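Residue-level structure breakdown
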Amino acid sequence: MLPVSLTQLHLSHSHLNANNYFNFTHLKNLETVKLDNSSSSSSRVQLYRLSTLSLDLSLNSDIEEIDEQLFAGFTSLQKLDLSDSNIGFIHENSFRDLVQLRVLRLDGNRRLRMLNDLYFRTLKRVDTFSISRTSLNFIDPLAFSSFTNLIRINLKENNLSEILDYTFRSMDLLETLDLSDTGIRKIHSYGFYGLKSLKEIYLNGNKLVELFPFTFADLINLECLFLSDSSVEILHDNLFHRMYNLKYVSLSNNNIKKMNDALFLKASFVEYLDMSNSNMNQIRHLTFYALHKAKTLDLRGNNLSQILNFTFTIQNLESLRDLYLMNSNVEVIQSFAFYRMLNLINLNLEGNRIRFLSEFTFCLLESLVHLNLQYNKIDSIEPNALFKLPKLTLLYLGELRIENRNFNQSSPLFIDLNVRQVSVRFSALRFSFRELNLENRIFLFKHFQSSLEKKSYKYEYYNSYFFRAEDDDFRIRCLSAIYFASKNIRFNVANGEDVDEFLTSCNKMDFVTTKATKIIESYANYFSKCLFTV
């Protein structure tokens, strides 16, 4: 006899035969029975008059059908797990006594192909229903008519091809609907009719291709819409009609070929929009117009080639804080592309083909804190291009190229750094001082010499490498050291087989001291002579 105080009974991995008969009526405190991974299709478990109960019959390959007697008398059962079994058929009255059931899981029953509305007619209290990873290929519009208290339903990884009209019409309380990876090609006009409380819908991983106007018009309280990896090519106007509570939209990893300016006109409350890797080839001036509450816009992995003047200003993206444009094949950023994006904090342009930054490229980005420009092809930066960013604290410049052919005052070597943390790598110092004319030699030296006289803040400079220079360009290493030393910036020197004691000492030196300043000046005088030696 089992103790009366028992609350959990685990019979996992047991082998029960048809003659097993279990009577637990004396176990008044029993809450959980686990019979997963057991041969228990013919066993009967008597669990009458128990206040709460969870029954786990998952991973039982012997359960091929649910007959009318298997759950007879389970009037207090609240959670039933039949997932990953071998169920292929459910009798109409199989669940008739489960009047208190709240959670039902039928996931992973690959032989299950259809649902009958008579299966669930007594399950009025169920709030969570999961039937993913089955062979379900059709949902009768009446199949869920009894689920009037359902809050969450999981239908992902089935073989559905379409959502018929009024399929979910009785689910007034439903908040989460997962239809991801179900092979859906078409959503009928009233496919989501009745889902007035829905907050999250997952449609990612389908084959929708074209989304028609008013598809989501009944989802007036929807907050999150997931449509990534759904083969979407055409987005019609009024797609987001009446979706006044929509805050998160994911359209990533699609192949969008048509998207009109009025697409987001009725989605003005969206805060996060992900259109990364969607094959966009341009940003029209009104594409994102009306998204005045958007805080994050992710456009990485597209084919934009250029960003025109006032592209994001006209969009009215006044609340935008994060803008991601990485790996989008951007070659040209016109001068006022980001003009007056006053609340932008994070701008990521990593992995593009940008070569030139004008003085106005980042004009009036007064709140910008993080700027990532690494893995571009920058070889020219106008004076003050990166200086008028008062809140910038983290700047990634990555690999900068300096060659004889573009040696001028716009060379990245002469950018005026006004940030606390910088990541930069001068990996292509390809020119020789001997090839520079006298005017450029004077300009190069005067730039570093004048930097010694400027007062500067305390900087932390990390990940900075000066290497791959030709033999003759050892001087530029030293000049770079002098320059950054004068700015009170700490740096590291890599690949130092030809780096002399000066660079080693600079690496350890506290440049704030007067002594250090004198040492720097003395070396500056020495290198001034070297500069003029032909």
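Reading guide: rules and limits
- Residues numbered from 1 in each chain as written.
- Predicted model: local features only at pLDDT ≥ 70, side-chain atom pairs only at ≥ 80, totals over all residues.
- Heavy atoms only, no water.
- Helix = DSSP H or I, 4+ residues; strand = E, 2+ residues; numbered from the N terminus.
- Buried < 20%, exposed > 50% of the residue type's maximum accessible area, 1.4 Å probe, protein only.
- Contact = heavy atoms within 4.5 Å.
- Areas by Shrake-Rupley, 256 points an atom, 1.4 Å probe, with all protein chains shown as cover.
- Phe/Tyr/Trp six-rings, centres within 6.5 Å; stacked < 30°, edge-to-face > 60°.
- Polar contact = N/O pair within 3.5 Å; in protein donor to acceptor, adjacent residues only side chain to side chain.
- Pairing = 2+ DSSP bridges.
- Patch = residues over 30% accessible without salt bridge, like charges linked within 9 Å, V, L, I, M, F, W, Y side chains within 5 Å.
- Salt bridge = Lys/Arg side-chain N within 4 Å of Asp/Glu carboxyl O.
- pLDDT = per-residue confidence, 0-100.
- Lys, Arg positive; Asp, Glu negative; His and termini not counted.

**A word on the overall build of the chain**
Of regular secondary structure, the chain possesses 4 helices and 32 strands. The buried share among the 534 residues of the chain stands at 50%. For the chain, the proportion of contacts with a sequence separation of at least 24, taken over those separated by at least 6, is 63%. Carbon and sulfur atoms make up 46% of the accessible area of the chain, which totals about 23,900 Å².

**What about the packing of aromatic side chains?**
Counted by the stated rule, this structure contains 26 aromatic pairs. A ring pair is formed by Phe 71 and Phe 74, whose centres lie 5.7 Å apart and whose planes are at 90 degrees; its orientation type is edge-to-face. Summarising the aromatic geometry, the rings of Phe 129 and Phe 144 are spaced 6.2 Å apart at their centres and angled 65 degrees between planes, so their arrangement reads as edge-to-face. Placement of the pair is Phe 129 in strand S10 (residues 128–130) and Phe 144 in the loop between S10 and strand S11 (152–154), with a sequence separation of 15 residues. Look at Phe 129 and you get buried, because its relative accessible area is 1%. Judged by relative accessible area, Phe 144 falls into the buried class, the value being 1%. These aromatic residues form a ring-pair network of at least three members: Phe 71, Phe 74, Phe 95, Tyr 119, Phe 120, Phe 129, Phe 144, Phe 147, Phe 168, Phe 192 and Phe 216.

**With respect to the environment of Asn 279**
Locating Asn 279 in the fold gives a position in the loop between strand S21 (272–274) and strand S22 (296–298). For Asn 279, a relative accessible area of 34% translates into the label partly exposed. Distance from Asn 279 to Ile 256, taken between C-alpha atoms, is 6.0 Å for residues 23 residues apart in sequence. Once you skip the residues sitting within four places of it in the chain, Asn 279 turns out to touch Asn 254, Asn 255, Ile 256, Asn 302 and Asn 303. Within polar-contact distance, the side chain of Asn 279 engages the side chain of Asn 303 at 3.0 Å.

**Overview of unusual backbone geometry**
Its identity as a non-glycine residue notwithstanding, Ser 231 has a phi of 60 degrees, on the positive side. The backbone of Arg 242 shows a phi angle near 70 degrees, a positive value even though the residue is not glycine. Tracing the sequence through the fold places Arg 242 in the loop between strand S18 (234–235) and strand S19 (248–250).

**Looking at the sheet that holds strand S16 (residues 210–211)**
Strands pair in a sheet through their backbones, by hydrogen bonds, and they do so in one of two ways: parallel or antiparallel. Read across the open sheet, the 3 strands follow the order S16-S18-S20; overall the sheet is parallel. The two strands at the open ends of the sheet, each matched to only one other strand, are S16 and strand S20 (258–259). Relative to S20, S18 runs parallel, the two sharing 2 bridges. Each residue of the ladder has a partner; that of Leu 235, found in S20, is Met 259.

**Details of a nonpolar patch on the surface**
Together, Leu 265, Leu 286, Tyr 289, Phe 310 and Ile 314 give the surface a local cluster of nonpolar side chains, amounting to about 420 Å² of exposed area. Note that Ile 314 resides in the loop between strand S23 (306–307) and strand S24 (322–324).

**Points about the side chain of Thr 134**
The residue Thr 134 is located in the loop between S10 and S11 in this model. Judged by relative accessible area, Thr 134 falls into the buried class, the value being 2%. Within polar-contact distance, the side chain of Thr 134 engages the side chain of Asn 158 at 2.3 Å.

**Considering the pattern of salt bridges**
Under the counting rule described, the total for this entry stands at 5 salt bridges. Note that Arg 152 is salt-bridged to Asp 127, the shortest N-O span being 3.9 Å. Here Arg 152 is found in strand S11, whereas its partner Asp 127 is found in the loop between strand S9 (103–105) and S10, with 25 residues between them in sequence. Notably, a salt bridge pairs Glu 331 with Arg 353, separated by 3.1 Å at the nearest N-O pair. Of this pair, Glu 331 sits in the loop between S24 and strand S25 (332–333) while Arg 353 sits in the loop between strand S26 (346–348) and strand S27 (356–357), and the two are 22 residues apart along the sequence.

**Here's the deal with the confidence of the model for the chain**
Confidence in the prediction for the chain averages 75 pLDDT; 66% of positions are at 70 or higher. In this model residues 482–517 is a low-confidence stretch, pLDDT under 50, and it forms 84 contacts with partners more than four residues away in sequence or in other chains. This model gives residues 526–534 a pLDDT under 50, and the stretch forms 17 contacts once residues within four places in sequence are excluded.

**Brief notes about the side chain of Asp 322**
By secondary structure assignment, the location of Asp 322 is in strand S24. Within the buried set, Asp 322 has no salt-bridge partner at all; the shortest N-O distance to an opposite charge, 5.1 Å, is to Arg 321. A distance of 3.4 Å separates a polar atom in the side chain of Asp 322 from a polar atom in the side chain of Thr 296. Each residue touching Asp 322, except ones within four places of it in the same chain, is listed here: Lys 295, Thr 296, Leu 297, Leu 344 and Asn 346.

**Observations concerning the environment of Thr 128**
The topology assignment puts Thr 128 in strand S10. Sequence spacing of Thr 128 and Ile 153 is 25 residues, and the spatial spacing of their C-alpha atoms is 5.9 Å. Apart from residues no more than four positions distant in its own chain, Thr 128 is found in contact with Arg 102, Val 103, Leu 104, Leu 150 and Arg 152. Side chain to side chain, Thr 128 and Arg 152 meet in a polar contact 3.0 Å long.

**Section: the environment of Arg 111**
Examined against the element boundaries, Arg 111 turns out to sit in the loop between S9 and S10. Sequence separation between Arg 111 and Gly 88 is 23 residues; the distance between their C-alpha atoms is 4.5 Å. Only 3.4 Å separates the side chain of Arg 111 from the backbone oxygen of Glu 64, close enough to count as a polar contact.

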